[in-house]
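As a plain string of letters, each chain reads:
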Amino acid sequence: MTCVKKFIPLILVVSSAFSVCHGKVTAQNMSVGDKARWVGNFVGIDQPPIGAAMYDAGAHLVSKVGAQAAGIILGGMMQGTKDPTAGRVADVVLDHLSDAYNKSGVGKWNRTMLRDHQSQLGGLILSKMDFVGTIHDITRLGGARMLMPLTKDSKVNKDCYEDAMDVLDAVNEMQRSDLAWARVMFDATGKIPSGVLRGHTTSLGSYDSCLAIHGRIPRNIVIGALNKTASRYPREFDTKYCRATMALDPSVLGGLDTHGIHPLLTLGMCLPDSCKAEDVEGILKLGFLGRVMGSSADSTDVYCPEERSIGDDTPALAAVIILSFFGFLVLCGTVYEFRQEIKKSAQMKPKSESDHYDVIGKSQSENKYTSVNKAYVHDEPKTNGDISPQNGDISKQNGGGVIQNGNTNVELPAGYMHHKEDNQFNPSAIPNGNNAETDTNKFITVNIKPHPSTEATPNKTRDSTLGAILKSFSIITNAPKLLSGKSGPGAITCLHGIRFFSITWIILGHTYNYGLVTNPGVMTTINFVDAVPMTQRFTYQAVVGAGYAVDTFYMISGMLLAFIQLKQMAKLKKDPEPGKIGYYVFYYYFHRFWRLTPMYMMILMIYTCLTTYLGDGPMWPKQIESAQNCRESWWTNLLYVNNLVLVNKQCMAWSWFLANDMQFYVVSIVLLFFLTVNIKLGSCFVFLLMTAGIVSAGVKEHTYNGSFFTMKSDGGAFWNNVYITPWCRVAAFCVGLFLGIIFYKKPKAYLSRVKTFIGWSMAISIGFTLVYCTYSENKENGETWSREFRAVYESVGRPLWAACVAWVIAACHYGRGGIVNSILSWSGLVPLSRMSYAAYLVHPMMMMIYVFSKRNLVYLADFDVIYLFLGHTVMTFMTSFVASLAFEAPFMALEKIIVGGRK
C-alpha cells in the first residue's frame, strides 16, 4: 500500500506539470524516450517504460477530466501517508484501477499487479479507467469539506464557505431531481478550454445562465457524506458570476512574442451570492487546492460584479441630470420651432371663405362668375395704382390688358380666382375663347400684379433672445443642416471625402485595439496566437499605418487655418485699429475653444461617469483604466494639455490628438502675424518650425526606438515621449500651413498635364511606400530596423505623408482630381464629414462597450474583423449623429447669438 501511495503522487506531479507548466507539449509527437526523460526531470525516474507510462497516464487523465480537475482530485493524495484522508482517496483510486485493469484483459487484478506491471500502467490500465466515476467516488468520501477544510487562518466568510461547499457536494449529486439547479451551476462555470496553445486561455462559462439560478439545499438531505440537519437548512440562495484571472508564463504560448501583452488564464465561476471576491480568493487557498495552486493562488485576481445603483453614485447622477437638461432643451427647442412653423403656415392660408371672397358684379342668378379672390386683388386707390406715361413709365397693350408700372389691368370674368402657379396673368386663358361670345356685362376690371409673390406671405418677426436660444437646440433646424449634402460657397469639396476616409481608417486601426487587447482582466480573443501571423502579412501594414490618418487631419487643420485666417488678417491689416485687433485675437481663440470643447466635455463626462452602467457581461472589466483616470486628470483635457501633463494617467487616451491640434492653433497666431506682414518672412518661420519638428521627432525616436508594436511593452516610453508630443507631430501641420498659403496666394491655378502626372505619381508612390515599407520588419523573420533608420522613418514619414495628401487636395481644387475628386466630393459624404469630429470622440467607447458586453470571445480572422469594423463604423456614425445634434450643432448656433453678426 505504501508503494501504491508513493506511486500515485508521481502521476499527479506529471499530470499537473503536463497540464499547467508544459501545456505546449503534445504527447502524440513524442517518443517513449522523450516522454521518460520529460517525466524524469520532475520525479527522478530513470526507467523509460515507467516514465513513458506515467506520461501517458497523466495525459490521459487530463484528456478525460481536464487539467483543472486532474490537479484538484489527485492533489489530495499528496498530503502524506500518515493522513487517513489520503489513504481513503488512494483506496478509491485503486478500486477503479482494478476495474480498469480487469477490462484491459491482462489478467485478474491484485494489489501486486501495480508493482509487477508498472510499465503497462498508462497503456493497459488508465486507458480503461473511468475517471469521472473516480472523481465522483472520491468526493463522496467526505465531501468538499474534507478536501478543503476551513481553518482559523482562512480568510473566508462563514456563510460563503458553507454555501460553496454545499454547492460542490450538490454538483456531485446533480443527477438528483431536487438538485437540478446544481447541474445548471456546474454547466455555467467555465472549464479549461481546448485550444490553449492558440491563445484560448479564457473560459467564461455562461454569464446569463448563472445569474438566473436559484439554489436550494433541503433539510435532512445527505450530500458530501453529511446529513444536512443544522438550523441553517433548508438553505436558499441566489447566484452570482465571478471571474478568476491569473497570469500565465508566455512560454505556454510557445515562446510567442506577444509585444508586451501578457497572457492570462481566466475562468468564469458560478457561485452562491453570499460570496464576495475576497472570499473566493480565500477558498482558492484552502486544503489541497491551495497546495496545488501554490503561489498562483496569491496572484489570482477575482472579480465579482455587484449590482450597481446609479442613485448611489453622485458623479453618475449628476451626469444623468445634465444629460436630461440637454434633452429637455432639445425637446423645448423642437416644440418651439414646430409651433412657429404652424403659425407661419396659418398666415399663408385663408382664414375663412367669407374673409377672402366678395361678390362683385352682377348677381349669381345673372352671372356664374360671382366672386374674386381678394387676396390677389390690388385694392389701392386707382390714382396710386395707375401711373401715367408722363411719369416715365412705359405703357403697352398686351393681350387685351394694359401693363402699367409692372401691373396688368385686365378685364376678368366676375368671380375669376387667380392661381398660385400663374407666374404672369395670360388674358388668353380667360374662359370663353374663340367659340364663345364675350359679354362685357359679365366682366370687371381688376388690377393684378404679375409677380409670382402674389401669394400672401407671413410677417417675418425676429425671434427673441430666448426663442433664438431654444431654436439652437431644435431638431427641426439642426438635423437638416447636419444631413444636408450641400457644401458652403467656396468650399474645397474634396475635404469631405478625405475627412470621412481618414476617420474610417482610424476606426479600422482601433478595431484591432480597443476592446480586443485593452481589457486588463480578460483575454477577449479565442485565438490570440493567430494575431501575430496576421500582423506579419503585407496587407496588414495598412492597419499598422492607420496613424497617418491623424497626420492627415493635422495637415487639413493647418491648411484651413492659413487659408481662412490670412484673408481675415489681410482685412485687419487695412484698418489696424487696436479695438479690432483685440477683438480679432479674442474671437480667434474663443471660436476654436467653443467649437471643440462643449461636445468634448460632454463625451468625457459620459465616458467617466456612465460607461460602467452602459453594459455588463462576463468580460466587463473591473474598471476601465482610461475612464478611471478621468476622475483625477479631467482638467488636463479641458485645458488641452493631456498630452504633456499626467500622461501616465491619461483620460480618454485617444484625445491626445485634440490637445496637439489646439496647441498648434494657439501658437499659429504668431505665424499668421508674420505671414500677414510679409508672406516670405512668415513662410520662413513656418519652414523653421517644420524643420524643428522633424529634428525633434528624429532625436526622440532614436532615443526610445519605439513603434506601433512596442507601445505595450516599453512602459509607455514611445507613446508618452514620441507619439503624442506636439514637437514630434507639428511637421504635418506645417505642411498644411504651406498649402493654405498657396491657396491664399493662388485661389486659381493651372496645372499642366506634365505637372499633374508627376504630382500624382509621386504622391501615390511615396504614400504607398510609407504605409507598406514596415513589411520588411514585421514579416516573418523580417530584419529589425536600426535606430537610425527608424528615426528617419518616424521624423520624415509624417510630413511626407501630409505632403502626399496635400497634393491630392491641390489637384482636386485646381481641377486635376478627375475621378478621385468626384469620389471625394460626392455629396453623400458631406454629412458624414460633418460628423467626423464626433465620430473620433465616441468610436473607442462604442468598441469597448460592444466587446466588453459580449457573452463569447472574439475570433480573429479577416472576415470577422472586417464585419466588426463595419459594425463599429455604422454604430459610431449613428451615435455621432445624436451627439452632434445634441451637443455640437446647438453650441455652433449659440456662438452666433453670443457674438452676433460680428466675427
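Residues numbered from 1 in each chain as written. Predicted model: local features only at pLDDT ≥ 70, side-chain atom pairs only at ≥ 80, totals over all residues. Heavy atoms only, no water.

A count of helices and strands for the protein chain gives 37 helices and 13 strands. The contacts in the protein chain between residues at least 6 apart in sequence include a share of 75% that link residues at least 24 apart. Roughly 44100 Å² of accessible area belongs to the protein chain as shown, and the carbon and sulfur atoms make up 59% of that amount. (Helix = DSSP H or I, 4+ residues; strand = E, 2+ residues; numbered from the N terminus. Contact = heavy atoms within 4.5 Å. Areas by Shrake-Rupley, 256 points an atom, 1.4 Å probe, with all protein chains shown as cover.)

What follows deals with the pattern of salt bridges. Side chains that differ in charge, positive against negative, can pair when their charged atoms come close. This structure, assessed with the given rule, holds 24 salt bridges. Measuring nitrogen to oxygen at the nearest pair gives 3.0 Å for the salt bridge that ties K228 to D166. Of this pair, K228 sits in the loop between β4 (226–227) and β5 (235–247) while D166 sits in helix α10 (residues 158–172), placing them 62 residues apart in sequence. By relative accessible area, which is 0% here, D166 ends up buried. Among the ionic pairs, R790 bridges to E777, the shortest N-O distance being 2.5 Å. Of this pair, R790 sits in helix α33 (residues 787–813) while E777 is found in helix α32 (residues 775–778), placing the two residues 13 residues apart along the sequence. Residue classification places R790 among the buried positions, given a relative accessible area of 7%. The buried category is assigned to E777, whose relative accessible area is 17%. Each of R145, K158, E162, D163, D166, D169, K228, R232 and R235 takes part in salt bridges that share partners, so that together they form one network. (Salt bridge = Lys/Arg side-chain N within 4 Å of Asp/Glu carboxyl O. Buried < 20%, exposed > 50% of the residue type's maximum accessible area, 1.4 Å probe, protein only.)

Now for unusual backbone geometry. A negative phi angle is the norm for most residues apart from glycine, just as the trans form is the norm for most peptide bonds. Here the residue pair Y233 and P234 is connected by a cis peptide bond, since its omega of 0 degrees sits within 30 degrees of zero. When you line up the elements, P234 lands in the loop between β4 and β5. Unusually for a residue other than glycine, N705 sits at a positive phi of about 50 degrees. Mapped onto the elements, N705 comes out in the loop between α28 (679–704) and α29 (717–723). By relative accessible area, which is 24% here, N705 ends up partly exposed.

In the contact formed by helix α21 (residues 494–511) and α33, the axes pass within 10 Å of each other and the chain directions differ by 150 degrees. With respect to α33, the element α21 is oriented roughly antiparallel. For the pair α21 and α33, contact is made by C494, L495, I498 and W505 and by W801, V805, V808, I809 and C812, respectively. Looking at side-chain class alone, the contact of α21 with α33 contains nine nonpolar, no polar and no charged residues. (Axes fitted to C-alpha atoms, helices over the stretch in contact; angles between N-to-C directions. Parallel < 35°, antiparallel > 145°, perpendicular 65-115°, else oblique. Nonpolar A, V, L, I, M, F, W, Y, C, P; charged D, E, K, R; others polar.)

Glancing now at the packing of aromatic side chains. For the coordinates displayed, the defined rule picks out 46 aromatic pairs. Between the aromatic rings of Y588 and Y589, the centroid separation amounts to 5.0 Å while the plane-to-plane angle is 85 degrees, which identifies the pairing as edge-to-face. Among the aromatic residues, ring-to-ring pairing joins F325, F326, F473, Y583, F586, Y587, F590, W594, F887 and F891 into one connected group. Positioned above the aromatic ring of F186 is the side chain of K191, whose terminal nitrogen or guanidinium carbon lies 4.6 Å from the ring centre. The ring of Y723 carries R729 above its face, with NZ or CZ at 4.8 Å from the centroid. (Phe/Tyr/Trp six-rings, centres within 6.5 Å; stacked < 30°, edge-to-face > 60°. Lys NZ or Arg CZ within 6 Å of the ring centre and 35° of its normal.)

Turning our eyes to something else, we now look at the side chain of E794. In this structure, E794 sits in helix α33. At 3.0 Å, the side chain of E794 forms a polar contact with the side chain of R798. With residues up to four places along the chain from it excluded, the contact list for E794 reads A697, E701, F718 and V722. (Polar contact = N/O pair within 3.5 Å; in protein donor to acceptor, adjacent residues only side chain to side chain.)

With that out of the way, let us pick up the state of the cysteines. For the coordinates displayed, the defined rule picks out four disulfides. One disulfide bridge connects C160 with C275, the sulfur atoms lying 2.0 Å from each other. A torsion of 95 degrees about the S-S bond marks the disulfide between C160 and C275 as right-handed. Remark: C275 occurs in the loop between β6 (264–272) and α13 (277–283) and C160 occurs in helix α10; sequence separation between them is 115 residues. Residue classification places C160 among the buried positions, given a relative accessible area of 0%. Between the sulfur atoms of C210 and its disulfide mate C270 the distance is 2.3 Å. Judged by the torsion about the S-S bond (95 degrees), the C210/C270 disulfide is right-handed. Note that C210 is positioned in helix α12 (residues 207–211) and C270 in strand β6, a separation of 60 residues in sequence. When its relative accessible area of 5% is taken as the criterion, C270 is described as buried. (Disulfide = S-S within 2.5 Å.)

What follows covers the pairing of strand β2 (residues 214–217). Residues in a regular strand point their side chains to alternate faces of the sheet. Only one face of β2 is buried: it carries G215 and I217, and the other face, with H214 and R216, is open. Where β2 lies against β5, four bridges are found, and the strand directions are antiparallel. Within β5, the residue paired with I217 across the bridge is R235. (Pairing = 2+ DSSP bridges.)

Together, W634, W635, L639, L644, V645, L646 and W727 line one region of the surface with nonpolar side chains, adding up to about 630 Å² of accessible area. Mapped onto the elements, W727 comes out in the loop between α29 and α30 (730–745). By relative accessible area, which is 39% here, W727 ends up partly exposed. (Patch = residues over 30% accessible without salt bridge, like charges linked within 9 Å, V, L, I, M, F, W, Y side chains within 5 Å.)

Any region with low pLDDT has predicted coordinates that should not be read closely. Per-chain confidence: the protein chain averages 80 in pLDDT, with 71% of residues scoring 70 or above. This model gives residues 38–45 a pLDDT under 50, and the stretch forms 25 contacts once residues within four places in sequence are excluded. This stretch, residues 451–456, has a pLDDT under 50; its non-local contacts, to residues over four places away or in other chains, come to ten contacts. (pLDDT = per-residue confidence, 0-100.)

Turning our eyes to something else, we now look at the packing of helix α27 (residues 656–677) against α30. Between α27 and α30, whose axes approach to 12 Å, the crossing angle comes to 40 degrees. By crossing handedness, the relation of α27 to α30 is classed as right-handed. Of α30, the residues touching α27 (which contributes F664, S668, L671 and L675) are V730, F733, L737 and I741. (Left-handed = near helix turned anticlockwise from the far one by under 90°.)

Among the nonpolar cores identified, the biggest contains 135 residues, and M555, Y607, M652, W656, F743, I809 and L841 are the most heavily contacted of them. Counting residues per element, this core draws most heavily on helix α24 (residues 548–574), which supplies 14 residues. Core analysis: the second largest hydrophobic core is formed by 25 residues, Y161, V280, A297 and V302 among them. (Core = buried A, V, L, I, M, F, W, Y, C linked by side-chain atoms within 4.5 Å.)

Here L646 lies in the loop between α26 (625–638) and α27. We classify L646 as partly exposed; its relative accessible area is 33%. Between the alpha carbons of L646 and N720 there is a distance of 9.9 Å; along the sequence they are 74 residues apart. Sequence-distant contacts of L646, that is, excluding residues within four places in its chain, are made with S633, W635 and T636.

Bringing the pairing of β6 into the picture now. Most of β6 is tucked away: nine of the nine residues are buried. Examined bridge by bridge, strand β1 (residues 202–203) and β6 share two bridges and lie parallel to one another. Note on β6: the bridge partner recorded for S203 is L267. Strand direction decides the pairing type here: β5 and β6, joined by nine bridges, are antiparallel. When the bridges of β6 are listed, A244 appears paired with L267.

What follows deals with helix α16 (residues 314–347). A rise of 1.5 Å per residue sets the reference length of α16, with its 34 residues, at 50 Å; its end C-alpha atoms lie 50 Å apart and thus fit the reference within 8%. If you follow the buried residues of α16, they end up packed against α19 (465–472), α20 (475–483), α25 (578–609) and α37 (862–899). (Expected span 1.5 Å × (residues − 1).)

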